[in-house]
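Secondary and tertiary structure notes
In case you want the letters, here they are:
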Amino acid sequence: MTQRDQGSARGDIDAHLKRAFQQLTDEALPDRFTDLLARLKAGEDADDASSEADQTHSDRETADASKVGRG
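Now for a quick tour of the structure.

Calculation notes
Residues numbered from 1 in each chain as written. Predicted model: local features only at pLDDT ≥ 70, side-chain atom pairs only at ≥ 80, totals over all residues. Heavy atoms only, no water. Helix = DSSP H or I, 4+ residues; strand = E, 2+ residues; numbered from the N terminus. Buried < 20%, exposed > 50% of the residue type's maximum accessible area, 1.4 Å probe, protein only. Phe/Tyr/Trp six-rings, centres within 6.5 Å; stacked < 30°, edge-to-face > 60°. Lys NZ or Arg CZ within 6 Å of the ring centre and 35° of its normal. Salt bridge = Lys/Arg side-chain N within 4 Å of Asp/Glu carboxyl O. Patch = residues over 30% accessible without salt bridge, like charges linked within 9 Å, V, L, I, M, F, W, Y side chains within 5 Å. Areas by Shrake-Rupley, 256 points an atom, 1.4 Å probe, with all protein chains shown as cover. Lys, Arg positive; Asp, Glu negative; His and termini not counted. Charge placed at Lys NZ, Arg CZ, Asp CG, Glu CD.

Turning to the overall build of the chain, a few remarks are in order. Each helix and strand counted, the chain has 2 helices and 0 strands in total. Residues counted as buried form 0% of the 71 residues belonging to the chain.

What follows is the structure, encoded as structure tokens:
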């Protein structure tokens, strides 16, 4: 096999691999995965909201404690 033939074969292999993987990336995710991602996202949003509420509550307690110390 000449160097030119090897280069042509590599090019063909590259083209076939790119085509195969492009088909995979074009496929839609199954519904169960999109549902799972949505549930995980909803859980993260709930965790973020809970963390913010906890921080606000903690800030209020700190402010209240400092008022008591002054009084």
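So much for the structure itself; the text now carries on.
The subject of this paragraph is the packing of aromatic side chains. Under the criterion given, the structure shown has 0 aromatic pairs. Arg-32 extends its terminal NZ or CZ atom over the ring of Phe-33, reaching a point 5.0 Å from the ring centre.

In this structure the tally under the stated criterion is 1 salt bridge. The salt bridge partner of Asp-45 is Lys-41, with a shortest N-O separation of 3.5 Å. Separated by 4 residues within a single helix, Asp-45 and Lys-41 lie in helix α2 (residues 31–70), roughly one turn from each other.

Before going further, it helps to spend a moment on a nonpolar patch on the surface. Taken together, the side chains of Leu-29, Phe-33, Leu-36, Leu-37 and Leu-40 define a hydrophobic patch exposed on the protein surface, amounting to about 450 Å² of accessible area. Residue position: Leu-29 is located in the loop between α1 (3–26) and α2.

Okay, a negative patch on the surface next. Where like charges cluster on the molecular surface, the negative patch consists of Glu-44, Asp-47, Asp-48 and Glu-52. Summarising the element assignment, Asp-47 is placed in helix α2. Judged by its relative accessible area of 51%, Asp-47 falls in the exposed class.

Without other data, these values stay purely geometric and don't point to any function.
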